[in-house]
Each structure stands twice: as structure tokens, then as C-alpha cells.
Amino acid sequence: MSLLPNSRTEPDGSAVIRVLSYNIRSLRDDTDALARVIKACAPDLVLIQEAPRFFRWRKKLARLALASDLVVVTGGATTTGPAILSSLRVGVERTEDVLLPPTPGLHRRGFATAVVRIAGTRLGVLSCHLSLQKEERLEQSGMLLDRLAGMGVEHMVAGGDLNERPDGPAFRRLTAGLTDCRAAAPWGGENTWTPADPYQRIDAIFATKGIEVLGCGVPSDHPGVSDADLRAATDHLPVLAALRVPAS
């Protein structure tokens with residue numbers, strides 16, 4: 001497997017960045033293995049799903065960030081799970097935690113969002129974890145697109161656990177307006193669930209059309225990422241993308 005490009009700033013102010021999306025199952029598994037996987041991927045941005053939501057959740061998320069050489073940007077219990085972490089390369093302009101309309105009997109969902117600056121770029125970022133219920137999931141995909149459209153930023157990245165395969169209606173709604181990074185530039189592994197027997201792709205990273213996708217997939221054979229750690233860290237496999245974001 002070829003290596004993804006490292007993060008760097010281009011002479012014209014554009015930036016090559018690494019974005020990781022990862023469902024961490026509320027840190028109920030091997031957090032040391034999880035931190036090793038994240039750190040080995042050297043991401044600029046991490047789109048987290050199922051961040052801790054209960055007792056001392058902020059401290060738990062901060063400890064994961066510290067162990068991964070990252071900082072917490074936003075999200076967690078305030079979004080019912082989605083969160084954003086970043087490297088120190090990233091400057092945070094603003095954040096907003098969004099709660100979606102509740103459906104009786106179902107877990108309430110939310111979006112963690114931020115506008116950040118990296119080198120000469122300005123980037124909107126959104127982490128999501130869509131519903132297990134098909135109709136609600138489709139509605140939430142539309143809310144996601146509306147939220148991106150209202151961020152007031154030209155270039156945007158969104159990602160998360162969609163609870164749906166690429167042929168599903170919510171996934172297709174997202175790809176009608178956004179680039180599915182894995183489909184645009186396949187790299188690494190494809191399927192994200194489950195680590196023991198990955199048979200379906202339900203986690204993804206999307207980008208707006210002006211962003212160039214340099215590679216995207218599960219970092220199964222990435223240097224420093226072991227199969228044992230991937231199996232022990234959580235019940236999803238991560239998705240790693242290398243993107244070139246134009247200067248703003």
C-alpha cells in the first residue's frame with residue numbers, strides 16, 4: 001500500500017491535511033490501542049463519534065486527545081456523541097454544537113461543527129453520527145447539508161458514522177452534493193465495520209468540490225497501525241483521508 005502524503009503547507013498557501021473519522025464507542029475498549037492508532041495516522045483533524053457522554057466525559061476526551069498529541073476542539077456530551085479533535089497546526093475560529101430534533105424512543109443525535117484555519121486555508125468541519133432508523137437518517141442527511149451550507153465557508157469537510165452503506169438513500173443524498181473521498185481516491189481498506197470481520201462501509205469522509213482528495217480509506221497497513229490495535233481499540237475501523245485544501 002502506498003503512503004498517504006504527509007501534512008504540509010504549499011507555497012501558494014494551500015494545505016495538505018489529514019482527516020481521520022473514528023467511532024470510539026465511548027472509550028469502552030482499549031484506550032491505549034485507540035490512542036496509538038490515532039497518533040500513528042498523524043491527523044490534523046479527527047472527527048469523533050460516540051465520544052464519552054456521562055461521568056467526567058470532558059476529562060476522558062481530553063485524556064484521549066493528550067495521548068494522541070491532539071487537543072479537543074468541540075463536542076462530546078453537548079452533541080450526544082460527535083466531537084472534533086485537532087493538532088496544534090489548526091487554528092480554531094469558531095465552534096458550534098448542534099442538537100438535532102428528537103424522535104421519541106430513539107437516541108437524540110447532533111453535529112459537532114467548527115470553522116478552522118490551517119496555513120492559508122479556511123475550512124468548515126462537521127462530525128456526525130446518523131440515526132439507526134432509515135427515515136430519520138435520511139432527514140438528518142438533509143440537515144447535515146443545510147448545516148454546511150450555512151457555515152459561510154467555501155471549503156468544508158464532513159464525516160462520521162452514517163449507519164448506512166453507500167447505496168443507501170442518506171448516503172446518496174450526501175454524495176449528490178459532496179465528494180465521497182473514498183470513492184474519489186481509494187486507498188487502504190474499504191469496509192469499516194466490524195474490525196473482526198469488516199464486511200460493510202458505513203463510515204465515510206466527505207469534502208466539498210473544491211478540495212482535492214489525495215487518498216482515503218481504512219489505514220490497515222499504515223506505518224504504526226497494527227491489526228491488533230485496530231481490533232482492540234473500538235468496534236469500528238477508522239477512515240483516514242489526505243486532502244489538499246485551496247488557500248482562502
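Every chain is numbered on its own, with residues counted from 1 as its sequence reads. For a predicted model such as this one, the threshold for reporting local features is a pLDDT of at least 70, and the threshold for listing and counting side-chain atom pairs is 80 or more; totals across whole chains, interfaces and linings nevertheless cover every residue. Side-chain numbers here rest on the full set of heavy atoms in the structure, without hydrogens or water.

Per an unreviewed UniProt entry, the chain is named Endonuclease/exonuclease/phosphatase family protein, and its organism is Streptomyces indiaensis.

K.L.:
Can you break down the sheet that holds strand E11 (residues 203-207) residue by residue, with the values?
P.N.:
In spatial order, the strands read E6-E7-E8-E9-E11-E10; together these six strands make up an open sheet with mixed pairing. Only two strands of the sheet have a single neighbouring strand rather than two, namely strand E6 (91-99) and strand E10 (179-180). Should DSSP find at least two bridges between two strands, the strands are regarded as paired. Numbering goes from the N terminus for both helices and strands, where a helix is a DSSP run of H or I of at least four residues and a strand is a run of E of at least two. As paired elements, E6 and strand E7 (residues 110-118) share eight bridges and run antiparallel to each other. Of the residues in E7, the one forming a bridge with Leu99 is Gly110. In this description, contact between two residues means that some pair of their heavy atoms is separated by no more than 4.5 Å. Inter-axis angles, ranging from 0 to 180 degrees, are taken between N-to-C directions of lines fitted to C-alpha atoms, where helices are fitted over the stretch in contact. Against the sheet, helix H3 (residues 134-149) contacts E6, E7, strand E8 (121-129) and strand E9 (155-161), and its axis sits at roughly 30° relative to E7.

K.L.:
Quick one: what's the story with the UniProt feature "domain: Endonuclease/exonuclease/phosphatase" (unreviewed entry) in the chain, residue by residue and with numbers?
P.N.:
UniProt positions are given in the numbering used here, feature names are shortened, and annotations may be inferred rather than shown by experiment. In the numbering adopted here, UniProt assigns the feature "domain: Endonuclease/exonuclease/phosphatase" (unreviewed entry) to residues 20-225. The annotated region residues 20-225 carries 25% helix and 32% strand content, and the separation between its end C-alpha atoms amounts to 13 Å.

K.L.:
I'd like a description of the pairing of strand E5 (residues 83-86), backed by residues and values.
P.N.:
Relative accessible area decides the class of each residue, using a 1.4 Å probe on protein chains only: under 20% of the type maximum gives buried, over 50% gives exposed, and in between gives partly exposed. Here E5 shows two buried faces, one formed by Ala83 and Leu85 and the other by Ile84 and Ser86. Of the pairings in the sheet, the one linking strand E3 (residues 45-49) to E5 comprises four bridges and is antiparallel in character. Within the sheet, the bridge partner assigned to Leu45 lies in E5 and is Ser86. One ladder, built from four bridges, connects strand E4 (residues 71-75) with E5; its direction is antiparallel. The partner of Val72 across the bridge, within E5, is Leu85.

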